[in-house]
Amino acid sequence: MARFPSTTPGFENRNGQRVIASTGFASETFPGQTVYRMRCVHCGHEYGSNGYDIHLRRCPGHQDGVRGERLREAGPGLFGAMGD
Ligand SMILES: [Zn+2]
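Residue indices follow the written sequence of each chain, beginning from 1 at its first position. Given that this is a predicted model, residues contribute local features only at a pLDDT of at least 70 and side-chain atom pairs are listed and counted only at 80 or more, while totals for whole chains, interfaces and linings are drawn from all residues.

K.L.:
In this structure, what is going on with the overall build of the protein? I would like to understand it.
P.N.:
A tally of regular secondary structure across the protein gives 0 helices and 3 strands. Each helix is a run of DSSP H or I of at least 4 residues and each strand a run of E of at least 2, with the numbering of both proceeding from the N terminus. In the protein, the order of α-helices and β-strands from amino to carboxyl end is β-β-β. In this description, any two residues whose backbone-derived C-beta atoms lie within 7 Å of each other are considered to be in contact. Partitioning the intrachain contacts of the protein with sequence separation of at least 6 by distance along the chain shows that 30% fall at a separation of at least 24.

Shown next, in the form of C-alpha cells:
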C-alpha cells in the first residue's frame, strides 16, 4: 500500500476525523508511530491516534470508535510536574 499522507495537519478522513497536529510523543501501542491529536468535526471531541490509524479512525465520542492513544500535551514543562 502506498503511504498516504494522512498525518498532515488538516487531513480529514471519511469519518470526519481531522488531524490537528503531531504531539511529538511516541505511540504506546504501535512501535515507530507518533501520536497525533485528532478532533472529530462532528462533535469536537479530541483524542490521540497513532499515525497508522488516522485514516480509519472513528470518533470515540459518538461513532463508537476505540478510545485511542493517551493524549499528552507537549508543553514547556517537558521535564515533568514541579511539585505536586
Ligand atoms: Zn464525534
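K.L.:
Mind showing me how you'd approach unusual backbone geometry here?
P.N.:
We note that D64 has phi near 65°; this positive angle belongs to a residue other than glycine. Here a residue counts as buried when 20 or more other C-beta atoms sit within 10 Å of its C-beta, as exposed when there are 12 or fewer, and as partly exposed otherwise, the C-beta atoms being derived from the backbone. Residue D64 is classed as exposed on the basis of its C-beta count, with 8 C-beta atoms lying within 10 Å.

K.L.:
Would you mind going over the sheet that holds strand β2 (residues 34–40) with me for this structure?
P.N.:
For sheets, the rule is that strands pair by backbone hydrogen bonds, running either parallel or antiparallel. Note on pairing: DSSP must find at least two bridges between two strands before they are called paired. Within the open sheet, the 3 strands sit side by side as β1-β2-β3. Their pairing is antiparallel. Two strands in the sheet have a free side with no partner beyond their single neighbour: β1 (17–26) and β3 (46–50). In this sheet, neighbouring strand axes are inclined to one another by 30° on average, regardless of whether the strands run parallel or antiparallel. In this structure, β1 lies alongside β2, joined through 6 bridges in antiparallel fashion. Under this scheme, a helix contributes an axis fitted over its contacting stretch, all axes are lines through C-alpha atoms, and angles between N-to-C directions fall in the 0 to 180 degree range.

K.L.:
Just checking my understanding: could you explain the nonpolar core for this structure?
P.N.:
Within soluble globular proteins, side chains that are nonpolar generally end up buried alongside one another. Listed in full, the 6 residues of the largest apolar core are V19, V35, Y36, M38, Y47 and I54. For this core, the element with the highest residue contribution is β2, accounting for 3 residues. Remark: nonpolar core denotes a set of buried Ala, Val, Leu, Ile, Met, Phe, Trp, Tyr and Cys residues whose joining runs through C-beta atoms within 7 Å.

K.L.:
Mind showing me how you'd approach the environment of G51 here?
P.N.:
In this fold, G51 is placed in the segment after β3. Judged by the 19 C-beta atoms lying within 10 Å of it, G51 falls in the partly exposed class. Taking the C-alpha atoms as reference, G51 lies 9.5 Å from T8; in sequence the two are 43 residues apart. The residues contacting G51, other than those within four sequence positions of it, are T7, Q33, T34 and Y36.

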